Amino acid sequence: MVQFHEHIITELLEDSNGGLIVTSSGLGLHKLISSLFLLHHHSQGCLLILSATPPQKSSILRNYENDIQSQISGEVPNLPSEITSDLPANQRLSLYTSGGILFITSRILIVDLLTHRLPTTAVAGLVILNAHSLSDTSTEAFIVRILRSTNRSLYVRAFSDRPHSMVSGFAKAERTLKCLFLRKLHLWPRFQVYVSQDLESDPPEVVDIRVPMSTYMIGIQKAVIEVMDACLKEMRKTNKVDVEDLTVENGLFKSFDEIVKRQLDPIWHTLGKRTKQLVSDLKTLRKLLDYLVRYDAVTYLKYLDSLRASESFRSVWIFAESSYKIFEYAKKRVYHFGRSDSGKLGLSKTVSTKKRKLNDSKKDEESRVVLEEVLEEPPKWKVLLDVLVEIQEERDKQASSGEEKDHLGDGDDNGIVLVACKDEYSCMQLEDCITNGSQKVMREEWEKYLLSKVQLQALPKRNAKKAKEPKGFGVLDGVVASPGKKAEVSSISKQEHDALLAAASEVSKRINKDIIGEGDNQKHVDGVGSVKGKGKGKKKKGSAGEKTNNDVAPEENAMEGRCLNEVFLRKHDQGLDVESSRETKKIPPVVFYALESDKKILDILKPSTIIAYHPDIAFVREVEIYKAENPSRKVKVYFLFYEDSTEVQKFEASVRRENGAFESLIRQKSLMMIPVDQEGRCLGLNSSNEPQSVISQNHITRKAGGRREAEREMQVIVDMREFMSTLPNVLHQKGMRIIPVTLEVGDYILSPFICVERKSISDLFGSFASGRLYHQVEMMSRYYRIPVLLIEFSQDKSFSFQSASELGDDVTPNSIISKLSLLVLHFPRLRIIWSRSLHATAEIFASLKSNQDEPDEVKAIRVGVPSEEGVVENDVRAENYNTSAVEMLRRLPGVTDSNYRAIMAGCKSLAELAMLPVERLAELMGGQKAAKMLREFLDAKYPTLL
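Residues numbered from 1 in each chain as written. Predicted model: local features only at pLDDT ≥ 70, side-chain atom pairs only at ≥ 80, totals over all residues. Heavy atoms only, no water.

Draft legend 1. Representation of the pairing of strand β22 (residues 786–792) in the model. Across the seven residues that make up β22, a large majority, six, are buried. Pairing of strand β21 (residues 754–760) with β22, which is carried by seven bridges, proceeds in the parallel orientation. Bridged to Cys755 within β22 is Pro787. (Buried < 20%, exposed > 50% of the residue type's maximum accessible area, 1.4 Å probe, protein only. Helix = DSSP H or I, 4+ residues; strand = E, 2+ residues; numbered from the N terminus. Pairing = 2+ DSSP bridges.)

Right, dumping it as C-alpha cells:
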C-alpha cells in the first residue's frame, strides 16, 4: 500500500459517520477499498458494497485476496460474497446476519429493506462506488435514508475517481453529500502533497516518442477540425448554448455531448432540425478525430463510407466546405485512381506497387484507367516494432555484460512487455501485425474492404425502384444528393466504383479458387509459412486464364488479369523479403492490454517495460502507483504520441480539465453549507413534512375540541420491476409506504379500483412500436375500474412530445398523438395522466389516493394470475366489465362513443338491451334516430333460402 492511501483511511476513520472521497483517476481506488475491507470484523455486522461494476468488483476481490495472503498472523477473514436475484430470501437473510462483506445491487437491497427481510441493525456500513452518478432521487439515496432512520451507528463511505463529473451541474458535490447524509468531503488530487511525494520520489523512466503523422493524416485532421469549428460556429448562432463551452478542445471529450445535451434538453422541442443535427454531427466529428489516430487507413475509409451512406442527407457537416478533403485524403491513404496519362499516380509514394489497369486491350495507352494501391500503414506500427527490437537489443547487451540482475531490480522480472491500447480491436490488430507483418495485415484489411463492396452492391437490388428516386445512396450509386438540390457527383465516381467492384470480384474468385485447391496446394504454402496459407503464398499460383470473365466489367478483364498477376508475383516476393528480414530481429514477449476493459493487470503481469500505444491519463497514474509500490523494480515506460495531433491535445487537456475540476471542488468545499442534522437523526419513515402540513390545516376546533385524528398511512403497491426507476424513492420521500410485490397487471396499485401503468417517454414510444402497451391497457381495463396510463416526462426536458409546428392535422400511423388517440378510443375507460416530473407524479398519486381505500396486497398479487382451474377468483373479477360484450356493443348501429356509456349504465347485458322498446332506447341513446336504427337492426329477419 502506498503511503497516501494510509492517510486517506486515517481521515475516513476520524468520522464515524463516513464521508465522500474524490480522487484523481487511476490512483488505485480499488486498492484503497480492499484495504478498508481488512479493517472490518464480522462482529460489527455486514458491510454492503453498492454500485460496483464487474471490472471494479474483480479488481477489489483480487487485491483483497492478495492482502489476506500477505498477512502472516491473525484470523483469516472470509472472502466477500455476492448477493444476486438467484438466491432465495432465506439464504440472503443468512448472509446478512453473517457479518461478512457483501456485494449487492441496489435493486435487491431496497426490496429486502422494504419487505423487512434485512434487519437494519445487522448492517455495519455501506461502501458506495461511482458516487458521481448519484442524485437525491437515486436508489442508493433511498437505501441510505431508510438505514439512517433506524440505524444510528451506520457509516457510509462513498468513492469517486471522476472529479470532472462531480462538478457537472449546480453544486453536484454538495447535493451528493446531502442525499447520502454525509458532512465530510475528502479531496485527493494528483497534485496533493502526500500523493505527489509518494509518486515522484522514485518515478519510472519515461521515453516520450513523438511519431510524425503522414501528409494525408495531417490533412484529414486539419479538415475535421475546420468542419468541427464550422459546426460550433453554427451552434453559437442559435443562442441556446453557453458559448464558453463550445470550443474544439471541449469537443474532443465525450463529456461535451453531456454538456450540450444538458443545456438543450429543456428547449429541445423548440429547436429546428438543423440544430438537432449539429449536436449529432459534433459527436460524429469527434469520432473521426479519435479513429484517425487509433485505426489503420482501410478501417478508417470503411467507416467514412458507412457515414457517407447513412448520413449523407441528414448531416450538416458533410456539406461543409472542408468535408470533401476528409473523404479524398482518406481514399488516397488506401488507393489512387486516375488515367495513366495524367502523371499524378506515378509521382505518389506507395507502400505497395500493385496496379489495376481497366481498359480495352485494343485501346490506346492514353485512355487507360489505373487503380493503384497505396495501403498506407499507420506510422506508429513501424515505431512500435522498432521499440520492441530496441528493448530486446538492450536486454541482450545487459545479459552479455552481466547486468541482468541490476536491470531486474528485485530479480523476478518475467521479461514481458505490456502494450496498452484503447480497445480490443487495436490489440488484436497490433498482435497480428507483430506476428504476421504489417503488409499482410493491411492486405487482409484491403481485401475485406473490397469484399464488403460486393456485398454492399448486392443490397439495393431489392429496392431498385427506390434507387431511382432523387434520394441517393452515397457510395452505392456514386452520387450524393440533397433534397431540393441538384445531385452532386461524389468523390467516388461511377468509373472508380466499377474499378473497385472489379477488384473485389477478382479477390472473391481467388479466395474461392484457393478454398477448392487447398488440398493440392497445402504443401507448397506450408513451405512459405503456415500463417500465410490464405494470403501471399497462394497469390503466386494465379494465372491469366482465371481472370477472363468478370461479372462487373467483362470487357476490361483481359488487361486487368495480366496486370493483376504480374503484380501479385512482385508483391509476393517483396512480402517474403520483409518477413525474412523481420524474423532475423528478435523481439521480447509482448502482452496487449485494452484500456477500455478497465482490468487492473499491472500487479498480475508485473512488467518492467510498458508501451503506452494510446496514452491515457488514468493508465499513467496506474503505472505511477505500480512503481511506487515496487520501488526496487526498474520500470521503463514508452509513450507513443502522434506529433502535433489531437491525441496530444486531448491528453494534455485531460490533465488540465482534471486539475480545474479539483480547483472548483476545493472552492465549493470552502463555501459548502451542510445542515447540522445531516447525519439523519431527524429522519424516519414519515420524515416528509408535506402530508402532515396538509392534515394540520384541516384541524378545526369544532371537531372534538381540535383533537388530532389518527393519521392514515398512505400505501402504494409497487411492482418489483419499477425499482429500476427512481419514482418509489420519491414516493417514500412524500411519506407513503412502499409495498414491493410482483404484479401481473400494472406498475402501481393506488386503491382497490385504481391501477397505474407508468411510461417514460422512451418507453412509451417503444411500447407502441412493440404492441406491448395495448396488451397492458387491455389487462388493466379488464381487472380494474379505473385504469390509468401515466406518461412521465423528465424534469430537465421539455414537457411536450414535439413542437407545435410538427403537429399535423391528419391521423398518421407514425404520429405518437395519433396512436394515443386511437388507444383512448379503443379503451374508453382509460385515463391518461401527464406528469412533468417525478415529484409531480408523487403529488398526483397523493391526490388520487385521497378519499380512496388502501389497496389490498393479497388481492393485487392474485390479479391476472389464473388459478388451477384457469380462472381468476370471483372476488376480483366480479367488479369488472365484460370487455368482449362492450366491444360488441360499440359495433352496433347507432351506438357511438358519446352514448355507449349511457347504454351500459341503463342495462346490464346485451340480452336486456335487445328487449328494450324504442322509447327507452331513445332516452339512453340521446335521440330517436339512433334508437330506431338500432331497433331495426335487432328486429331484422335473418334471410333464408325458402
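Draft legend 2. Examining the sheet that holds strand β16 (residues 609–612) more closely. Strand order in the open sheet formed by five strands is β8-β17-β16-β12-β15, with parallel pairing between adjacent strands. Taken across any chain shown, the strands that pair with only one partner, and hence form the sheet edges, are β8 (205–211) and β15 (590–594). Shown here is a sheet whose adjacent strand axes are inclined to one another by a mean of 20°, direction ignored. By the bridge criterion, four bridges tie strand β12 (residues 417–421) to β16 in an arrangement that is parallel. Note that in β16 the partner of Ala420 across the bridge is Ala612. Against the sheet, helix α15 (residues 379–400) touches β8, β12, β15, β16 and β17 (636–642), its axis set at about 160° to β17. Packed onto the sheet, helix α17 (residues 424–436) meets β12 and β15 and runs at close to 160° relative to β15. (Axes fitted to C-alpha atoms, helices over the stretch in contact; angles between N-to-C directions. Contact = heavy atoms within 4.5 Å.)

Draft legend 3. View of the nonpolar core. Ranked by size, the top nonpolar core spans 73 residues in total, and within it Tyr300, Trp317, Ile326, Leu384 and Ile611 carry the most contacts. With sequence-adjacent residues up to four places away left out, Leu384 is seen in contact with Val419, Leu430, Ile434, Ile611, Tyr613 and Leu640. (Core = buried A, V, L, I, M, F, W, Y, C linked by side-chain atoms within 4.5 Å.)

Draft legend 4. Fine view of the pairing of β12. Taking burial as the measure, the five residues of β12 include five buried ones, the bulk of the element. With five bridges connecting them, β12 and β15 associate as parallel partners. Looking across to β15, one finds that Val417 is bridged to Val590.

Draft legend 5. Structural context of the sheet that holds strand β5 (residues 123–128). With respect to topology, seven strands assemble into an open sheet ordered β3-β4-β2-β5-β6-β1-β7, the strand pairing being parallel. Edge positions in the sheet fall to β3 (81–83) and β7 (185–188), since each of these pairs with one other strand and no more. Going across the sheet, the axis of each strand differs from the next one's by a mean of 20°, ignoring polarity. Contacts between helix α26 (residues 646–671) and the sheet are confined to β1 (18–23) and β7, with β7 contributing the most and set at about 150° to the helix.

Draft legend 6. Region of the structure containing the packing of aromatic side chains. This model, assessed by the stated rule, comprises 17 aromatic pairs. Summarising the aromatic geometry, the rings of Tyr295 and Tyr425 are spaced 5.4 Å apart at their centres and angled 80° between planes, so their arrangement reads as edge-to-face. Of this pair, Tyr295 sits in the loop between α11 (273–294) and α12 (297–311) while Tyr425 is found in helix α17, placing the two residues 130 residues apart along the sequence. Note on Tyr295: relative accessible area 11%, which makes it buried. Both rings, one in Tyr335 and one in Trp446, keep their centres 5.8 Å apart while their planes meet at 45°; by these two values the pair is tilted. With Tyr335 in strand β9 (residues 335–339) and Trp446 in helix α18 (residues 438–458), the pair connects residues that are 111 residues apart, well separated along the chain. (Phe/Tyr/Trp six-rings, centres within 6.5 Å; stacked < 30°, edge-to-face > 60°.)

Draft legend 7. The confidence of the model for the chain, seen in detail. Residues with a pLDDT of 70 or more make up 72% of the chain, whose mean pLDDT is 76. In the model, residues 681–701 has pLDDT below 50 throughout and makes 24 contacts with residues more than four positions away in sequence or in other chains. Taken as a whole, residues 873–879 scores under 50 in pLDDT and shows 10 contacts with residues more than four places along the chain or in a different chain. (pLDDT = per-residue confidence, 0-100.)

Draft legend 8. Main features of helix α1 (residues 3–14). Over its 12 residues, α1 extends 17 Å from the first C-alpha to the last, a length consistent with the 16 Å expected when each residue adds 1.5 Å. Those residues of α1 that sit buried are Phe4, His5, Ile8, Ile9 and Leu12. Seen from one end, α1 has its buried residues packed into an arc of 145°, which puts them on one side. Here the buried face of α1 lies against β1, α2 (29–38), β6 (155–160), β7, α8 (193–200) and α25 (617–629). (Expected span 1.5 Å × (residues − 1). Arc of directions from axis to C-beta.)

Draft legend 9. Fine view of the packing of α1 against α8. Across the interface, α1 lies against α8 with an axial gap of 8 Å and an inter-helix angle of 155°. For the element pair α1 / α8, the angle class is roughly antiparallel. Here Gln3, Phe4 and His7 of α1 lie close against α8, whose contacting residues are Tyr194, Val195, Asp198 and Leu199. Split by residue class, the contact of α1 with α8 holds four nonpolar, two polar and one charged. (Parallel < 35°, antiparallel > 145°, perpendicular 65-115°, else oblique. Nonpolar A, V, L, I, M, F, W, Y, C, P; charged D, E, K, R; others polar.)

Draft legend 10. Structural detail: the packing of helix α9 (residues 215–237) against α11. At a minimum axis distance of 10 Å, the contact between α9 and α11 shows a crossing angle of 160°. Between α9 and α11, the angle falls in the class roughly antiparallel. Read as a crossing pair, α9 and α11 show a hand that is left-handed. Where α9 approaches α11, its residues Met217, Ile220, Gln221, Val224, Ile225, Val227, Met228, Cys231, Leu232, Glu234 and Met235 are matched on the opposing element by Arg274, Thr275, Leu278, Val279, Leu282, Leu285, Arg286, Leu288, Leu289 and Leu292. (Left-handed = near helix turned anticlockwise from the far one by under 90°.)

Draft legend 11. How the structure looks around the environment of Lys283. You can see Lys283 is positioned in helix α11. Linking Lys283 and Phe256, residues 27 residues apart in sequence, is a C-alpha distance of 8.6 Å.

Draft legend 12. Spotlight on unusual backbone geometry. Positive phi, close to 65°, is recorded for Ser51, a residue that is not glycine. Checked against the element boundaries, Ser51 lands in the loop between β2 (46–50) and α3 (54–70). Look at Phe181: it is not a glycine, yet its phi comes out positive at around 60°. Assessed through its relative accessible area of 12%, Phe181 is described here as buried.

Draft legend 13. Examining the side chain of Lys172 more closely. Mapping Lys172 onto the fold places it in helix α7 (residues 172–179). Assessed through its relative accessible area of 10%, Lys172 is described here as buried. Within the structure, the side chain of Lys172 is placed 2.5 Å from the backbone oxygen of His132, a separation counted as a polar contact. Setting aside its immediate chain neighbours within four residues, Lys172 contacts His132, Leu134, Ser165, Met166 and Gln668. (Polar contact = N/O pair within 3.5 Å; in protein donor to acceptor, adjacent residues only side chain to side chain.)

Draft legend 14. Seen up close, helix α38 (residues 918–925). Turning to α38, its buried residues are Leu921, Ala922, Leu924 and Met925. Angularly, the buried residues of α38 cover 165° about the axis, an arc narrow enough to put them on a single face. Summarising the geometry of α38, the exposed residues directed more than 90 degrees from the buried face are Glu919 and Glu923. Buried residues belonging to α38 abut α36 (900–906), α37 (910–915) and α39 (928–939). Just downstream of α38, Gly926 is the residue with a positive phi angle, here 80°.

Draft legend 15. How the structure looks around the state of the cysteines. Evaluation of the coordinates by the stated rule reveals zero disulfides. With no disulfide partner, Cys421 has as its closest neighbouring cysteine sulfur the one in Cys427, 4.1 Å distant. The class for Cys421 is buried, based on a relative accessible area of 0%. (Disulfide = S-S within 2.5 Å.)

Draft legend 16. Inspection of the pattern of salt bridges at higher detail. With the rule as written, the count across this model stands at 35 salt bridges. With a closest N to O distance of 3.0 Å, Asp939 and Arg935 form a salt bridge. Note that Asp939 and Arg935 are positioned in helix α39 at a spacing of four residues, about one turn of the helix. Its relative accessible area of 12% is what places Arg935 among the buried residues. Look at the salt bridges and you will find they share partners, linking Glu757, Lys759, Asp763 and Arg772 into a network. (Salt bridge = Lys/Arg side-chain N within 4 Å of Asp/Glu carboxyl O.)

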